[in-house]
Amino acid sequence: MPAISFFTESVSYNLPQKLKIKKWLKTSIEKEGYKLQELNFIFCSDEYLLGINQQYLNHDTYTDIITFDNSEEEKQIVSDIFISIERVKENAKTFKTSAFDEVCRIMVHGTLHLLGYKDKGKAAKTLMTQKEDEHLGYRAEFGLI
């Protein structure tokens, strides 16, 4: 049975409106022609995510998100997405938006990576931002705006 789950590691965080977010993300995945199997969001601290970045990607930098694609079949989503709540809150201040809107943007950003979108290079980054905005717009259908 397809599932989106939310977990925390080394941080206290309670994502609001979980059921609506699950429906929104599932719809976004389906609109891109993919099928959801399992999608886990793990909200964590900067230090926790830095450790993952160092251990698995050999990057010694802080980041807001790391997406692991565990899918074995094409067009099937099986993934763990780690999100630093500290980075989300900092990004929200920097971009003058709410922490909720920023966590939604980061969640859909990671999901879009699973759907084949990249963000390296100017053209890819522009397309990624357009897709983020498009899918964030779908939140209205679920009362998330």
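Conventions adopted
Residues numbered from 1 in each chain as written. Predicted model: local features only at pLDDT ≥ 70, side-chain atom pairs only at ≥ 80, totals over all residues. Heavy atoms only, no water. Phe/Tyr/Trp six-rings, centres within 6.5 Å; stacked < 30°, edge-to-face > 60°. Helix = DSSP H or I, 4+ residues; strand = E, 2+ residues; numbered from the N terminus. Buried < 20%, exposed > 50% of the residue type's maximum accessible area, 1.4 Å probe, protein only. Core = buried A, V, L, I, M, F, W, Y, C linked by side-chain atoms within 4.5 Å. Contact = heavy atoms within 4.5 Å. Pairing = 2+ DSSP bridges. Axes fitted to C-alpha atoms, helices over the stretch in contact; angles between N-to-C directions.

Novice: Just to check I follow, could you spell out the packing of aromatic side chains for this structure?
Specialist: What the rule picks out here adds up to six aromatic pairs. Summarising the aromatic geometry, the rings of F6 and F41 are spaced 5.8 Å apart at their centres and angled 20° between planes, so their arrangement reads as stacked. Linking F6 in strand 1 (residues 3-9) with F41 in strand 2 (residues 35-44), this pair joins segments that are 35 residues apart in sequence. Take F6 and F41: they sit in the same class, and that class is buried.

Novice: I tried to follow the nonpolar core on my own but got confused; where do I start?
Specialist: Generally speaking, a soluble globular protein has its nonpolar side chains buried in company with each other. Of all hydrophobic cores here, the largest spans 33 residues; its most connected members are I21, W24, L39, F41, F43, I83 and M107. Looking at this core, the elements that each hand over two or more residues are strand 1, helix 1 (18-31), strand 2, strand 4 (76-84), helix 3 (85-94), helix 4 (99-114) and helix 5 (122-137). It is helix 4 that contributes the most residues to this core, eight residues altogether. Setting aside residues no more than four positions away along its own chain, F43 makes contact with F6, F7, T8, E9, V11, Y13, L15, I83, I85, V103 and M107.

Novice: Got a minute to help me understand the sheet that holds strand 3 (residues 65-69) in this structure?
Specialist: Two pairing modes exist for strands in a sheet, parallel and antiparallel, and in both the strands are linked by backbone hydrogen bonds. Ordered by their spatial adjacency, four strands build an open sheet running 1-2-4-3, and the pairing between neighbours is mixed. With partners counted over all chains shown, the strands left at the sheet margins are strand 1 and strand 3, one partner each. The mean inter-strand angle of the sheet, taken between neighbouring strand axes irrespective of direction, is 15°. Relative to strand 4, strand 3 is paired through five bridges, and the arrangement is antiparallel. Each bridged residue has a counterpart across the sheet, and for D69 the counterpart in strand 4 is S79. This element, helix 1, spans strand 1, strand 2 and strand 4 of the sheet and lies at about 125° to strand 1. Contacts from helix 3 reach strand 2 and strand 4 within the one sheet, and its direction differs from that of strand 4 by about 70°.

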